[in-house]
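Residue-level listing of the chains:
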Amino acid sequence: MPSSVVSADGTVIGFETLGDGPPMLLVHGGTATLSRWAPVQAQLAERYTVHMMDRRGRGISADEAQPYSIQREGEDVAAVLEAIGEDVYLLGHSYGALCAIEAALISGRIGRIMLYEPPMLSPARPSCRRRWPPRSG
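A brief look at the structure comes next. Bear in mind the structure is a predicted one, so any value in this text is a computation, not a measurement. (Residues numbered from 1 in each chain as written. Predicted model: local features only at pLDDT ≥ 70, side-chain atom pairs only at ≥ 80, totals over all residues. Heavy atoms only, no water.)

Remarks on the pairing of strand β1 (residues 2-6)
Thought 1: With 5 bridges connecting them, β1 and strand β2 (residues 12-19) associate as antiparallel partners. Across the sheet, the residue bridging to S4 is G14, located in β2.
Thought 2: With antiparallel pairing between neighbouring strands as the criterion, β1 and β2 make up a hairpin whose turn holds 5 residues, including G10 at a positive phi of roughly 95 degrees. (Pairing = 2+ DSSP bridges. Helix = DSSP H or I, 4+ residues; strand = E, 2+ residues; numbered from the N terminus.)

As structure tokens, this is what we get:
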């Protein structure tokens with residue numbers, strides 16, 4: 001069932017819901033829409049109430065307000081979390097994982113978070129020359 005929320009900057013964010021059980025929010029990656037979850041949505045919906053959002057400017061969500069920022073994407077995820085309820089399982093894939101991290105900084109609705117293939121450097125990789133997380137100062 002399609003629904004929508006209004007994010008902090010006024011952007012309308014659309015999401016679809018199916019299933020029954022504890023709430024789970026799925027956030028897709030960079031070039032996708034919520035249809036990216038089609039191969040797994042039925043299996044997840046057997047155990048969870050699955051909410052699949054379209055990130056701003058994609059699918060059933062409105063075009064993004066300018067200027068773009070990852071913080072605004074985090075606010076979008078947080079707005080959907082707020083509409084869903086408490087103790088939401090949050091799953092972010094690729095760039096959606098970075099959006100999920102941003103949402104975690106501002107939302108108290110997350111019960112558990114899973115980040116699948118976030119595009120970030122890791123100190124576990126020998127080829128990584130940058131420190132993560134970066135040091136301040």
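Describing the packing of helix α2 (residues 70-84) against helix α3 (residues 95-106)
Thought 1: At their nearest, the axes of α2 and α3 sit 7 Å apart, and the two run at 70 degrees to each other. Between α2 and α3, the crossing angle belongs to the class labelled roughly perpendicular. Of the residues in α3, those touching α2 at I70, Q71, E73, G74, E75, V77, A78 and L81 are Y95, L98, C99, E102, A103 and I106.
Thought 2: For the contact of α2 with α3, the residue count by class is 9 nonpolar, 2 polar and 3 charged. (Axes fitted to C-alpha atoms, helices over the stretch in contact; angles between N-to-C directions. Parallel < 35°, antiparallel > 145°, perpendicular 65-115°, else oblique. Contact = heavy atoms within 4.5 Å. Nonpolar A, V, L, I, M, F, W, Y, C, P; charged D, E, K, R; others polar.)

Topic: α3
Thought 1: Compared with the 16 Å implied by 1.5 Å per residue over 12 residues, the 18 Å span of α3 between its first and last C-alpha is a close match.
Thought 2: Buried within α3 we find G96, A97, L98, C99, A100, E102 and A103.
Thought 3: Along its buried surface, α3 packs onto β3 (23-27), α2, β5 (88-93) and β6 (110-116). (Expected span 1.5 Å × (residues − 1). Buried < 20%, exposed > 50% of the residue type's maximum accessible area, 1.4 Å probe, protein only.)

Observations regarding the side chain of E102
Thought 1: Tracing the sequence through the fold places E102 in helix α3.
Thought 2: In this structure E102 touches I70, Q71 and G74, once residues within four positions along its chain are discounted.

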